[in-house]
Amino acid sequence: MAASKGDLRTCGKGHNYYKSSDCPTCPVCEQERKPDEGFLALLSAPARRALEHNGITSLQQLAKYSEKEILQFHGMGPGSLPKLRTALQENGLSFKNEHLHGMKADLSE
């Protein structure tokens, strides 16, 4: 039995595409929007949109969040975290540390 292609749709720019879900995103438009470089180019479209929707378009902005907070965004999955972690580390940054947030770290041990 062949898988259904879904419903034929046309986006506002006139692209025709098939979609089997309720998601209104045109895959042709989404591919045109994908950055050619930078950390957002490493991500899937849903993960990239999740960050953009929350105002995160730079690694400096991303570093203000913990991994746990990022995973709460709709469209962001655990598979994106290693890519984000690496991009942050390559730029001397890291996710906000959840364990030290609001607590003074004891480094005397």
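Residues numbered from 1 in each chain as written. Predicted model: local features only at pLDDT ≥ 70, side-chain atom pairs only at ≥ 80, totals over all residues. Heavy atoms only, no water.

Here we take up the confidence of the model for the chain. Residues with a pLDDT of 70 or more make up 85% of the chain, whose mean pLDDT is 85. Per-element mean pLDDT across the chain ranges from 78 in helix 1 (residues 27-33) up to 98 in helix 3 (residues 59-62). The low-confidence segment residues 101-109, where pLDDT is below 50, has 2 contacts with residues more than four positions distant or belonging to other chains. (pLDDT = per-residue confidence, 0-100. Helix = DSSP H or I, 4+ residues; strand = E, 2+ residues; numbered from the N terminus. Contact = heavy atoms within 4.5 Å.)

Next up on the list: the packing of aromatic side chains. In the structure shown here, the tally under the stated rule is 1 aromatic pair. On the numbers, 5.8 Å between centres and 75 degrees between planes, the contact of Tyr 65 with Phe 73 is edge-to-face. Judged by its relative accessible area of 24%, Tyr 65 is partly exposed. Residue Phe 73 is classed as buried on the basis of its relative accessible area of 12%. The side chain of Lys 5 reaches across the aromatic face of Tyr 18, ending 4.5 Å from its centre. (Phe/Tyr/Trp six-rings, centres within 6.5 Å; stacked < 30°, edge-to-face > 60°. Buried < 20%, exposed > 50% of the residue type's maximum accessible area, 1.4 Å probe, protein only. Lys NZ or Arg CZ within 6 Å of the ring centre and 35° of its normal.)

Take the pattern of salt bridges next. For the structure shown, the criterion picks out 2 salt bridges. We note a salt bridge from Glu 67 to Arg 85, for which the minimum N-O separation is 2.8 Å. Residue Glu 67 is found in helix 4 (residues 67-71), and its partner Arg 85 is found in helix 5 (residues 81-90); the two are separated by 18 residues along the sequence. Its relative accessible area of 24% is what places Glu 67 among the partly exposed residues. (Salt bridge = Lys/Arg side-chain N within 4 Å of Asp/Glu carboxyl O.)

Moving on: the pairing of strand 1 (residues 7-10). In the sheet, strand 1 pairs with strand 2 (residues 16-19) via 4 bridges, with the strands oriented antiparallel. Paired with Asp 7 across the two strands is Lys 19, which belongs to strand 2. What sits between strand 1 and strand 2 in their antiparallel hairpin is a turn of 5 residues, with Gly 14 showing a positive phi close to 90 degrees. (Pairing = 2+ DSSP bridges.)

Further remarks concern helix 5. For helix 5, the set of buried residues is Leu 81, Leu 84, Ala 87 and Leu 88. Across the axial projection of helix 5, the buried residues extend over an arc of 130 degrees, all falling on one side. Exposed side chains of helix 5 directed beyond 90 degrees from the buried face belong to Gln 89 and Glu 90. Structurally, helix 5 contributes buried residues whose contacts are with helix 2 (45-53), helix 3 and helix 4. Immediately downstream of helix 5, the backbone of Gly 92 shows phi near 70 degrees, a positive value. (Arc of directions from axis to C-beta.)

Bringing the nonpolar core into the picture now. By size, the foremost hydrophobic cluster in this structure holds 18 residues, and its most contacted members are Phe 39, Leu 51, Leu 62, Ile 70, Met 76 and Leu 84. Taken together, the elements giving at least two residues each to this core come down to helix 2, helix 3 and helix 5. (Core = buried A, V, L, I, M, F, W, Y, C linked by side-chain atoms within 4.5 Å.)

Three or more residues of helix 2 are buried, namely Ala 47, Arg 48, Ala 50 and Leu 51. Along helix 2, the residues classed as buried sweep out an arc of 155 degrees about the axis, all on the same side. Along its buried surface, helix 2 packs onto helix 1, helix 3, helix 4 and helix 5. Gly 55 sits one or two residues past helix 2 and shows a positive phi near 75 degrees.

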